[in-house]
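So the chains spell out like this:
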Amino acid sequence: MKPPKFTYHAPRTVEEALQLLAEHSTDAKILAGGQSLLPVMAMRLAAPAHLIDINRLEELSGVEVDEDGVTVQALARHAHVEAHEGVRRRVPILAEALRWVAHPAIRNRGTTVGSLTHADPSAEMPAMLALLGGSVVARSTEGERVLPAEEFFVGPMESALRYDELALAARFPAPPTRSGACFDEIARRHGDYAMCGTGTMVTLNDAGRVESLTMSFVSVGDVPEVYDLSPLVAGAAADEVDLTAVGERAAEMIDPPADLHATADFRRHLATVLARRTTRTALGRARRAASGAQELRDEEQV
Amino acid sequence: MSEQTAEVRLRVNGIPYLREIPVRRTLCDVLRMDLELTGTHVGCEHGVCGACTILLDGEPVRSCLLLGVTVDGHDITTVEGLTEDDGRLSPVQQAFVDCHGLQCGFCTPGFLTTISSFIEENPEPTEEEAREAVSGNLCRCTGYQNIVASVLRAAEIARERSSETTEEVSTR
């Protein structure tokens, strides 16, 4: 048997799960999808004394969509979020990025919130939460708190969740109107860890000129930071943005690591290419969104 | 610390089972050791190779990344459950025979389950989609060309068989 011994708990309510967490604290781990935890245990890199399996808490499997964004609960599987009509409509970049999360068989089981708490710098979901300015709802027997992305990710594989806290849900806010976003990545094989991934969001003003340009990267830093490239392009017409300059600026801002899969220089090169590519697509989407918003206003006036 | 065990009920290929298993036993080991269904092969045991892929409530998942206790009460299909009710090979199995989609056969059960679910979702895949569908499964023999061909052929057979059934129904 690959995983080391542990005591198994299968709570039937959230309260019961929180009690168990409070009781076992640093010795316990939550098991949701297990697509990262079980490999880590199989390799004996982790050996929690208590495993608290939340898979029976079906009330946590929902995905809720409203005007302002998407709330993904703790047990919602990646595949469910990816296929959700409301997610595709309100936060399309989230569904776009989910297609890059591992392979379909992993997405059928792995959870989006679990991926956030795992806080892997090579994972797509942390970068999405950061780029969209999202947050995580954490609950313990002491109460509930909301952690914005910039506070949630503390270091590689490290989140700000306390040992007694369960990440109940994640909130991905919808981008503003007249905006467009795009995610793309480059891996040796679809579904493998990205050598570099880029999420980009562009917002246009009333006159169709660029108001803001922000980016977040996968596999280039310890935590998913959001880079603001607005000063470089603000005021430019959407079809006149200097994409070469955007790519170069992106490369200057990041400090990618070197490893077995790619050198730092190669990653920087990929970031340049992806920044250019995703900005071009995001601009196109923003223009379409802006003309859609304009049409809607015209209709209202008629 | 003594080994903690738990009772689990599983329905595998339509047959209900009740077993007392160690809580840390992964589903692939439960299938092979406790249910003696050795068609599911265990490769890397950390979710990379895809050999152990089974269908959990109809969806492909890695059985090495699931604890047996977690899936208590669920429906599982293994490679042993893919053949059709009349004993014919399933479209995917037949396609692997037709296209020489395997050599040593170790990775094959994982491919068969993965592709069975894929062609149900996407009955007319392009070659690119077929390639992406098997990107999570490793094969060290074939170089994948014949596996991709098998995916396309499997979809074709499935379409042929479903039109046969429709014809039978309409001639009645």
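Residues numbered from 1 in each chain as written. Chains lettered and ligands numbered in written order. Predicted model: local features only at pLDDT ≥ 70, side-chain atom pairs only at ≥ 80, totals over all residues.

S.K.: Please explain the overall build of chain A as it appears in this structure.
M.R.: Secondary structure assignment for chain A yields twelve helices and 14 strands. In terms of overall size, chain A behaves like a compact globule, its C-alpha atoms giving a radius of gyration of 20 Å where 302 residues would be expected to give roughly 19 Å. Projecting the C-alpha coordinates of chain A onto the three principal axes gives extents of approximately 60 × 50 × 30 Å. A burial count over chain A gives 51% of its 302 residues as buried. Nonlocal contacts in chain A, meaning residues at least 24 apart in sequence, comprise 64% of its contacts between residues at least 6 apart. (Helix = DSSP H or I, 4+ residues; strand = E, 2+ residues; numbered from the N terminus. Rg over C-alpha atoms; globule rule 2.2 N^0.38 Å. Buried ≥ 20, exposed ≤ 12 C-beta atoms within 10 Å, placed from the backbone. Contact = placed C-beta atoms within 7 Å.)

S.K.: Sorry, what's going on with the domain arrangement of chain B here?
M.R.: By convention, interface size is frequently given as the accessible area that disappears when the constituent parts associate. All names here are of chain B. For chain B, the domain assignment lists domain 1 (5-81) and domain 2 (91-166). For domain 1 and domain 2, the distance between their C-alpha centroids amounts to 22 Å. Of all the secondary-structure elements, those providing two or more residues to the side of domain 1 that touches domain 2 are β3 (53-56) and β4 (59-62). Among the elements that make up the side of domain 1 that touches domain 2, the one with the highest residue count is β3 (three residues). Its residues placed into classes, the side of domain 1 that touches domain 2 shows seven nonpolar, six polar and one charged. (Domains from an automatic or database assignment. Nonpolar A, V, L, I, M, F, W, Y, C, P; charged D, E, K, R; others polar.)

S.K.: Sorry, what's going on with the interface of chain A and chain B here?
M.R.: Across the boundary between the two partners, chain A contributes 24 residues, which contact 27 residues of chain B. If you list the elements that add at least two residues to the side of chain A that touches chain B, you get β1 (7-9), α2 (37-42) and α6 (104-107) of chain A. Of the residues contributing to the side of chain A that touches chain B, the split by class is eleven nonpolar, eight polar and five charged.

S.K.: Help me out: how do you make sense of the packing of helix α2 (residues 91-99) of chain B against helix α3 (residues 108-121) of chain B in this one?
M.R.: Helix-helix packing is characterised by the crossing angle of the two axes and by the distance between the axes. Residue and element names in this part refer to chain B. It is the contact of α2 with α3, at a shortest axis distance of 9 Å, that shows an interaxial angle of 125°. Considering their axes alone, α2 and α3 lie oblique with respect to each other. Once α2 is placed against α3, the crossing between them reads as right-handed. Facing α2, whose interface residues are Val92, Gln93 and Phe96, α3 presents Thr108, Leu112, Ile115 and Ser116. For the contact of α2 with α3, the residue count by class is four nonpolar, three polar and no charged. (Axes fitted to C-alpha atoms, helices over the stretch in contact; angles between N-to-C directions. Parallel < 35°, antiparallel > 145°, perpendicular 65-115°, else oblique. Left-handed = near helix turned anticlockwise from the far one by under 90°.)

S.K.: How do you make sense of the nonpolar core when you look at a structure like this?
M.R.: Note that soluble globular proteins tend to have their nonpolar side chains buried in a common cluster. Within the largest apolar cluster, 136 residues are counted, with the highest numbers of intra-cluster contacts made by Ile54(A), Ala74(A), Met128(A) and Ile115(B). In terms of residues, this core owes the most to one element, helix α12 (residues 264-301) of chain A, which gives nine residues. (Core = buried A, V, L, I, M, F, W, Y, C linked by C-beta atoms within 7 Å.)

S.K.: Help me understand the domain arrangement of chain A in this model?
M.R.: The domain boundaries assigned to chain A delineate domain 1 (7-53), domain 2 (61-173) and domain 3 (179-297). Computed over C-alpha atoms, the centres of domain 1 of chain A and domain 3 of chain A are 37 Å apart.

S.K.: Explain helix α8 (residues 124-132) of chain A to me, please; I cannot follow it from the model alone.
M.R.: One turn of an α-helix holds 3.6 residues; hence residues three or four places apart share an orientation. All names here are of chain A. The buried fraction of α8 is high, at nine of nine residues. What α8 keeps buried is the set Glu124, Met125, Pro126, Ala127, Met128, Leu129, Ala130, Leu131 and Leu132. Positive phi shows up at Gly133, right after α8, with a value of about 70°.

S.K.: What's the story with the sheet that holds strand β13 (residues 210-218) of chain A in this structure? I'm lost.
M.R.: Pairing between sheet strands relies on hydrogen bonds along the backbone, with the strands arranged either parallel or antiparallel. Residue and element names in this part refer to chain A. Taken in spatial order, the four strands make up an open sheet running β11-β12-β13-β14, and their pairing is antiparallel. Two strands bound the open sheet, and with one partner strand each, they are β11 (179-186) and β14 (226-228). When the angles between neighbouring strand axes are averaged without regard to direction, this sheet yields 20°. Summarising the sheet, β13 and β14 pair through three bridges and their orientation is antiparallel. Residue pairing in the sheet places Met215 in a bridge with Tyr227 of β14. Of the strands in this sheet, β12 (196-204), β13 and β14 touch α8, which is tilted by about 155° from β13. (Pairing = 2+ DSSP bridges.)

S.K.: Teacher, can you tell me more about the pairing of β12(A) here?
M.R.: Residues and elements named next belong to chain A. For β12, the tally of buried residues reaches nine of nine residues, placing the bulk of the element in the interior. Burial along β12 is two-sided: Cys196, Thr198, Thr200, Val202 and Leu204 and Gly197, Gly199, Met201 and Thr203, pointing in opposite directions, are all buried. Where β11 and β12 come together, eight bridges link them in antiparallel fashion. Directly across from Asp184, in β12, lies its bridge partner Thr198. Sheet analysis places β12 next to β13, joined by eight bridges and oriented antiparallel. Following the sheet pairing, Gly197 is matched in β13 by Val218. Here β12 folds back onto β13 in antiparallel fashion, the turn holding five residues, of which Gly208 has a positive phi close to 80°.

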